[in-house]
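Fold and geometry: a report
Chain residues, written in single-letter form:
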Amino acid sequence: MIGLISATAAGAAARDRLAAAWPDRTRVYEGPVGDAVRAAFAECGQLVCFLATGAVVRLIAPLLDEKASDPGVVCVDEGGRFAVSLVGGHAGGANELARAVGEVLGAEPVVTTATDAVGLPGLDTLGLPVEGDVAGVSRALLDGEPVGLDAEVRWPLPPLPVAAEGAYTIRVTDRAAAPAEREVVLRPPTLVVGVGASRGAPVEEVVGLVEGVLAEAGLSAASLAELATVDAKAEEPGVVEAARRLGVPLVTYSAGELAAVDVPNPSRAPLAAVGTPSVAEAAALVRGGELLVPKRKSERPDRTPAMATCAVVRRPGRGRLAVVGLGPGARDLLTPRARAELRRASVLVGLDQYVDQIRDLLRPGTRILQSGLGAEEERARTAVAEARRGHAVALIGSGDAGVYAMASPALAEASDDIDVVGVPGVTAALAAGALLGAPLGHDHVSISLSDLHTPWEVIERRVRAAAEADLVVTFYNPRSRGRDWQLPKALAILAGHREPTTPVGVVRNASRPDESSRVTTLATLDPETVDMMTVVTVGNTATREIAGRMVTPRGYRWQASGEEPK
């Protein structure tokens with residue numbers, strides 16, 4: 001919960017705007033400011049104070065305790081111009097909160113945390129348990145001192161300016177080794193523990209077995225990703241509670257899935273009880289990995305039969321491929337999710353001109369692999385190969401990456417050995433439609449007129465189908481120097497089914513500084529005014545030009561009644 005505190009009418013107005021934007025995340029604290037701050041500090045994970053920073057410093061100073069547990073505090077000035085991350089920038093989430101408050105209120109976020117200020121990812125913001133000399137290693141990164149990366153296990157990380165070795169070290173491991181001097185240890189969630197349990201197995205027995213086996217094997221419980229078991233044990237109280245106490249999800253599989261897994265220690269007992277010769281080992285191995293600890297049974301003080309078994313598997317860190325749509329070109333049409341993926345990627349793959357658009361958003365140290373037009377399949381293969389090497393990769397494309405862009409060749413190349421994330425973007429058709437008015441208000445279709453990858457016979461058949469179906473049509477790749485006859489042919493096909501006065505929208509470089517748009521008609525459009533940077537939208541039989549804008553009604557009832565669309 002985010003506590004909101006204000007002292008003046010102007011502050012209260014901004015406070016109420018934030019409360020309205022985040023009704024489920026915020027709580028307004030009324031009354032004397034000092035009492036409100038103290039109450040919110042005790043009850044909330046974060047605070048936004050619409051007060052001067054000096055006043056907030058004096059109010060919270062006696063309340064500060066531990067960096068890891070104190071709430072993040074953001075101050076917004078009386079004029080609503082700045083959102084200042086005051087304390088708890090990383091641990092309390094104040095840096096991200098300042099940015100989010102700035103987006104809602106139109107304020108400039110002010111973040112002074114050193115790593116954030118220069119674009120380096122904070123070692124305590126990577127989403128991994130972290131131990132050791134975080135301050136010292138971070139300072140070395142900031143000062144440009146050599147920091148070595150010792151990756152005992154593979155895990156996709158954001159770009160870090162690391163070297164083969166150095167006086168400081170970042171170690172990525174799932175082992176229970178304590179950090180050395182001048183070292184930070186990151187513990188990725190690589191360990192899966194398969195669990196078998198008899199009915200009524202005590203939670204203490206299950207937890208004790210898991211913790212004991214991990215400790216004996218020299219493995220860190222901080223790297224535990226999940227407990228896994230058979231479906232029949234999905235509601236076994238001791239197993240369910242063990243997962244809760246260990247702070248990991250409980251994942252279950254059917255007996256059939258587990259029976260198909262080859263294990264070193266099958267047994268008749270689970271086969272008779274739940275239909276699979278192995279629960280612990282099979283549940284840990286079902287999604288692959290290295291068996292670190294074969295099946296172990298719990299030991300009971302009274303020497304009665306064990307009621308729990310477990311096995312430990314290390315799953316390799318999977319590379320991550322984010323296929324990111326950059327939108328039509330304008331920076332304010334780049335989505336926050338796309339920005340976040342660009343900042344997360346340690347490797348960026350893209351067309352050179354698109355890389356230039358977002359180069360300033362990348363973190364220092366991001367490896368850039370760019371190429372020119374015509375190398376789309378090569379870029380897709382490169383991006384997938386880098387993800388398979390365990391990197392966090394962003395493959396970029398204009399508009400939406402799934403629309404005439406990089407998603408389809410990349411996903412055709414990728415298999416299930418990497419994680420793939422799609423990040424949608426604003427398409428050229430949508431950007432053009434917004435400039436033209438509302439041409440896409442009813443059913444519509446996009447057709448590329450480029451026959452470089454699709455035979456013209458196929459394209460022509462699709463244009464005819466759209467014409468006969470009375471769909472609004474947006475043409476991508478309408479005309480180039482080497483392809484100057486396709487657009488006239490496509491327009492002629494549509495003219496066989498629509499009036500010469502049918503509105504046609506022509507938009508070039510939508511959302512960019514040199515954008516241009518105009519509404520003409522099917523009879524008067526000159527194809528020679530169109531190039532590859534242009535999107536052409538042809539209305540259907542119901543599309544009208546109203547006040548200089550293209551409008552396709554949501555329904556056709558207004559036509560029959562003679563009324564204009566509303």
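Above this text you will find the structure in question.
Our subject in this report is the structure included herewith. A quick note: this is a predicted structure, and the numbers were derived from the prediction, not measured. (Residues numbered from 1 in each chain as written. Predicted model: local features only at pLDDT ≥ 70, side-chain atom pairs only at ≥ 80, totals over all residues. Heavy atoms only, no water.)

Take valine 473: it is sitting in strand β23 (residues 472-476). Sequence spacing of valine 473 and glycine 539 is 66 residues, and the spatial spacing of their C-alpha atoms is 6.7 Å. In contact with valine 473, not counting residues within four places along its chain, are Val445, Ile447, Ala466, Leu494, Arg498, Val536, Thr537 and Val538. (Helix = DSSP H or I, 4+ residues; strand = E, 2+ residues; numbered from the N terminus. Contact = heavy atoms within 4.5 Å.)

Moving on: the packing of aromatic side chains. Enumeration over the complete set of coordinates arrives at two aromatic pairs. Between tyrosine 404 and tyrosine 476, the aromatic rings sit 4.8 Å apart at their centres with planes inclined by 55 degrees, giving tilted as the arrangement. Here the residue tyrosine 404 occupies a position in the loop between β19 (392-397) and α15 (407-413), and tyrosine 476 occupies one in strand β23, the gap between them amounting to 72 residues. What makes tyrosine 404 partly exposed here is its relative accessible area of 44%. Ring geometry for tryptophan 456 and tryptophan 485: centres 5.0 Å apart, planes at 70 degrees, overall edge-to-face. Of this pair, tryptophan 456 sits in helix α17 (residues 456-468) while tryptophan 485 sits in the loop between β23 and α18 (486-495), placing them 29 residues apart in sequence. (Phe/Tyr/Trp six-rings, centres within 6.5 Å; stacked < 30°, edge-to-face > 60°. Buried < 20%, exposed > 50% of the residue type's maximum accessible area, 1.4 Å probe, protein only.)

Moving on, we get to the side chain of asparagine 540. Mapped onto the fold, asparagine 540 is located in the loop between β26 (534-538) and β27 (544-546). Looking at asparagine 540, its side chain comes within polar contact range of the main-chain nitrogen of alanine 542, at 2.9 Å. (Polar contact = N/O pair within 3.5 Å; in protein donor to acceptor, adjacent residues only side chain to side chain.)

A word on the nonpolar core. Of all hydrophobic cores here, the largest spans 25 residues; its most connected members are Val193, Val195, Leu214, Leu227, Leu246 and Val312. For this core, the secondary-structure elements that each account for two or more residues are β11 (191-197), α7 (203-216), β12 (224-230), α8 (237-246) and β15 (308-314). Element by element, the count of residues in this core is highest for α7, at seven residues. When sequence neighbours within four positions are dropped, the list of residues in contact with valine 195 reads Val206, Val210, Leu227, Ala228, Thr229, Val239, Val279, Ala280, Thr309 and Cys310. Membership of the second largest hydrophobic core comes to 21 residues, among which are Ile447, Ala466, Val504 and Leu525. (Core = buried A, V, L, I, M, F, W, Y, C linked by side-chain atoms within 4.5 Å.)

Turning next to the pairing of strand β2 (residues 26-29). By the bridge criterion, four bridges tie strand β1 (residues 2-6) to β2 in an arrangement that is parallel. Bridge assignment links leucine 4 to a residue of β2, and that residue is valine 28. Tracing the backbone out of β1, into helix α1 (residues 9-21) and back to the parallel element β2 gives a crossover that is right-handed. (Pairing = 2+ DSSP bridges. Right-handed = clockwise from strand over helix to strand, strands pointing away.)

Time to look at the environment of valine 57. Mapping valine 57 onto the fold places it in helix α3 (residues 53-60). Owing to a relative accessible area of 41%, valine 57 belongs among the partly exposed residues under this scheme. For the pair valine 57 and serine 450, spaced 393 residues apart in sequence, the C-alpha separation works out to 62 Å.

Comment: phi is negative for the bulk of residues other than glycine, and the bulk of peptide bonds are trans. Unusually for a residue other than glycine, asparagine 509 sits at a positive phi of about 50 degrees. One can find asparagine 509 in the loop between β24 (503-508) and β25 (516-521). We note that alanine 547 has phi near 55 degrees; this positive angle belongs to a residue other than glycine. Inspection of the secondary structure assignment puts alanine 547 in the loop between β27 and β28 (549-551). Residue class for alanine 547 comes out exposed when judged on its relative accessible area of 68%.

With that settled, consider the sheet that holds strand β21 (residues 437-438). Read from one edge of the open sheet, three strands run β21-β28-β27, paired in mixed fashion. If you trace the sheet from one side to the other, it starts and ends with β21 and β27, each paired once. Pairing of β21 with β28, which is carried by two bridges, proceeds in the parallel orientation. Across the sheet, glycine 437 pairs through a bridge with methionine 550, a residue of β28.

A few words now on the sheet that holds β23. One open sheet accounts for five strands, arranged β22-β23-β26-β24-β25; its pairing is mixed. On the outer flanks of this sheet lie β22 (444-448) and β25, each paired with one strand and no other. In this sheet, adjacent strand axes meet at a mean angle of 20 degrees when their direction is disregarded. One ladder, built from five bridges, connects β22 with β23; its direction is parallel. The residue bridging histidine 444 from the neighbouring strand is valine 472, located in β23. Lying on the sheet, helix α16 (residues 428-436) is in contact with β22, β23, β24, β25 and β26; it crosses β24 at an angle near 115 degrees. (Axes fitted to C-alpha atoms, helices over the stretch in contact; angles between N-to-C directions.)

Looking only at α8, the buried set comprises Gly238, Val239, Ala242, Ala243 and Leu246. Down the axis of α8, the buried set is contained in an arc of 135 degrees. They therefore lie on one face. Those residues of α8 that are exposed and aimed more than 90 degrees away from the buried face are Pro237 and Arg244. The inward-facing, buried residues of α8 contact β11, α7, β12 and β13 (250-253). (Arc of directions from axis to C-beta.)

The next thing to look at is the pairing of strand β17 (residues 347-351). Among the five residues of β17, five are classified as buried, and the element is accordingly described as predominantly covered. Strand direction decides the pairing type here: β17 and strand β18 (residues 367-371), joined by five bridges, are parallel. Residue pairing in the sheet places leucine 348 in a bridge with isoleucine 368 of β18. Viewed along the sheet, the connection from β17 through helix α13 (residues 352-358) into β18 turns out right-handed. The pairing of β17 with β19 spans three bridges and is parallel. From the neighbouring strand, valine 347 faces β19, where its bridge partner is valine 393.

Applying the stated rule across the entire model yields 28 salt bridges. Ionic pairing is found between glutamate 226 and arginine 315, a salt bridge with its closest N-O pair at 3.2 Å. With glutamate 226 in strand β12 and arginine 315 in the loop between β15 and β16 (320-325), this residue pair connects regions lying 89 residues apart in the sequence. Taking the relative accessible area as the measure of exposure, glutamate 226 reaches 9% and is therefore buried. The exposure class of arginine 315 is buried, given its relative accessible area of 12%. Here glutamate 341 ties to arginine 320 by a salt bridge, and the two come within 2.7 Å at their closest N and O atoms. With glutamate 341 in helix α12 (residues 336-344) and arginine 320 in strand β16, this pair connects stretches of sequence that are 21 residues apart. In this pair, the class of glutamate 341 matches that of arginine 320, namely buried. If you follow the salt bridges from partner to partner, you end up with Glu204, Glu241, Arg244 and Arg245 in one network. (Salt bridge = Lys/Arg side-chain N within 4 Å of Asp/Glu carboxyl O.)

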